[in-house]
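Structural overview for review
Spelled out from the first residue to the last, the chains are:
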Amino acid sequence: MDEFRICPNCGYTRGFHASFRKEKEGMRVIFICPECGSSYDIGLFETRVSELDPRRGESY
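Cut-offs applied
Residues numbered from 1 in each chain as written. Predicted model: local features only at pLDDT ≥ 70, side-chain atom pairs only at ≥ 80, totals over all residues. Heavy atoms only, no water. Helix = DSSP H or I, 4+ residues; strand = E, 2+ residues; numbered from the N terminus. Buried < 20%, exposed > 50% of the residue type's maximum accessible area, 1.4 Å probe, protein only. Contact = heavy atoms within 4.5 Å. Areas by Shrake-Rupley, 256 points an atom, 1.4 Å probe, with all protein chains shown as cover. Salt bridge = Lys/Arg side-chain N within 4 Å of Asp/Glu carboxyl O. Polar contact = N/O pair within 3.5 Å; in protein donor to acceptor, adjacent residues only side chain to side chain. pLDDT = per-residue confidence, 0-100.

1. As for the overall build of the protein
When helices and strands are tallied, the protein shows zero helices and four strands. The order of helices and strands in the protein, counted from the N terminus, is β-β-β-β. Across the 60 residues in the protein, those meeting the buried criterion constitute 20%. A sequence separation of at least 24 residues applies to 23% of the contacts in the protein between residues at least 6 apart. Approximately 5,100 Å² of the protein is accessible, and the part contributed by carbon and sulfur atoms is 46%.

Pasting the structure below:
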């Protein structure tokens, strides 16, 4: 697969929302379809993030 943009469950074509789950080694990135709510773990893991402390940025 060269691209993960279309939801395999409902066919939504405009990408995903992202969710971050804290684990012992860092943060696991989970993708959520905004149309049907299906979640997908594609193995993306960020080890440089030590804690979840979100700060609001710019609105687009």
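2. Focus: the pattern of salt bridges
Scanning the entire structure with this criterion turns up four salt bridges. Its salt-bridge partner being Glu3, residue Arg5 comes within 3.3 Å of it at the nearest N-O pair. Across the pair Glu23 and Arg21 runs a salt bridge, and its minimum N-O distance is 3.2 Å. Using a relative accessible area of 40% as the deciding quantity, one classes Arg21 as partly exposed.

3. Describing the environment of Glu3
Mapped onto the elements of the fold, Glu3 is located in the segment before strand E1 (17-23). You can call Glu3 exposed: its relative accessible area is 52%. Side-chain polar atoms of Glu3 contact the side chain of Arg5, separated by 3.3 Å.

4. So, the confidence of the model for the protein
Any region with low pLDDT has predicted coordinates that should not be read closely. Looking at the protein, the pLDDT average stands at 87 and 92% of residues meet or exceed 70. Taken element by element, the protein is modelled with least confidence in strand E4 (residues 45-46), mean pLDDT 85, and with most confidence in strand E3 (residues 39-40), mean pLDDT 95.

5. Quick notes on the side chain of Arg28
Position of Arg28 relative to the elements: it lies in strand E2 (residues 26-32). Since its relative accessible area comes to 18%, Arg28 is described here as buried. In this structure the side chain of Arg28 is engaged in a polar contact, spanning 3.3 Å, whose partner is the side chain of Glu23. Filtering out sequence-adjacent residues up to four positions away, Arg28 remains in contact with Ser19, Phe20, Arg21, Glu23, Asp41, Gly43, Leu44 and Phe45.

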